[in-house]
Amino acid sequence: MAKAKTDGAADAEQGAAARVESVDSTLGYEQARDELIEVVRSLEAGGTTLEESLALWERGEALAKVCRRWLDGARARLDAALAEPSDEPEAERA
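Residues numbered from 1 in each chain as written. Predicted model: local features only at pLDDT ≥ 70, side-chain atom pairs only at ≥ 80, totals over all residues. Heavy atoms only, no water.

Let's talk about the overall build of the protein
The helix and strand inventory of the protein stands at four helices and zero strands. For the protein, buried positions account for 14% of its 94 residues. In the protein, of all internal contacts separated by at least 6 residues, the share reaching a separation of at least 24 is 76%. Of the roughly 7,400 Å² of accessible surface on the protein, 56% is carried by carbon and sulfur atoms. (Helix = DSSP H or I, 4+ residues; strand = E, 2+ residues; numbered from the N terminus. Buried < 20%, exposed > 50% of the residue type's maximum accessible area, 1.4 Å probe, protein only. Contact = heavy atoms within 4.5 Å. Areas by Shrake-Rupley, 256 points an atom, 1.4 Å probe, with all protein chains shown as cover.)

Set out below in structure tokens:
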């Protein structure tokens, strides 16, 4: 019986890992954010098994990483744009 539990736990871990890996790296920020919101709502609502909750948590972590990459990229683009010298003379900018 203990062997079956161990095999079941291993299967659950592999399934959760597959769900996390299935987060599409080309997922847009808004898509990832919206799905992350749903994951959080599901976790807050409760009523899920421990395995389901862990899978949701792992999915949320993966989605948060996608969002973070988008935000970091946006910040880098803004910083680069702000660092570029303007074509306007100094007197016109003031």
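Considerations on the confidence of the model for the protein
Detailed reading of the predicted coordinates is not advisable wherever pLDDT falls low. The pLDDT averaged across the protein works out to 81; a share of 67% of its residues lies at or above 70. Confidence, read as mean pLDDT per element, is least for helix 1 (residues 2-21) in the protein (49) and greatest for helix 2 (residues 29-45) (97). Here residues 1-6 scores under 50 on pLDDT; set against residues more than four positions off or in separate chains, the count is zero contacts. (pLDDT = per-residue confidence, 0-100.)

A few points about the pattern of salt bridges
Enumeration over the complete set of coordinates arrives at five salt bridges. Residue R33 pairs with D34 through a salt bridge whose shortest N-O separation is 3.1 Å. The shortest N-O distance in the salt bridge between R68 and D72 comes to 3.5 Å. Here R68 and its partner D72 are both found in helix 3 (residues 50-83), four residues apart, which amounts to about one turn of the helix. Judged by relative accessible area, which is 43%, D72 ranks as partly exposed. (Salt bridge = Lys/Arg side-chain N within 4 Å of Asp/Glu carboxyl O.)

Comments concerning helix 2
A rise of 1.5 Å per residue sets the reference length of helix 2, with its 17 residues, at 24 Å; its end C-alpha atoms lie 24 Å apart and thus fit the reference within 8%. G46 lies just past helix 2 and shows a positive phi near 75°. (Expected span 1.5 Å × (residues − 1).)

A few points about the nonpolar core
Counting residues in hydrophobic clusters, the biggest one holds six residues: L27, A32, V39, L63, V66 and C67. For this core, the secondary-structure elements that each account for two or more residues are helix 2 and helix 3. Top contributing element to this core by residue count: helix 3, with three residues. Setting aside its immediate chain neighbours within four residues, V39 contacts L56, R59, G60 and L63. (Core = buried A, V, L, I, M, F, W, Y, C linked by side-chain atoms within 4.5 Å.)

Overview of the environment of A64
Assignment of secondary structure puts A64 in helix 3. Here A64 falls in the partly exposed class, since its relative accessible area comes to 32%. Measuring from C-alpha to C-alpha, the distance between A64 and R33 comes to 7.6 Å, with 31 residues separating the pair along the chain.

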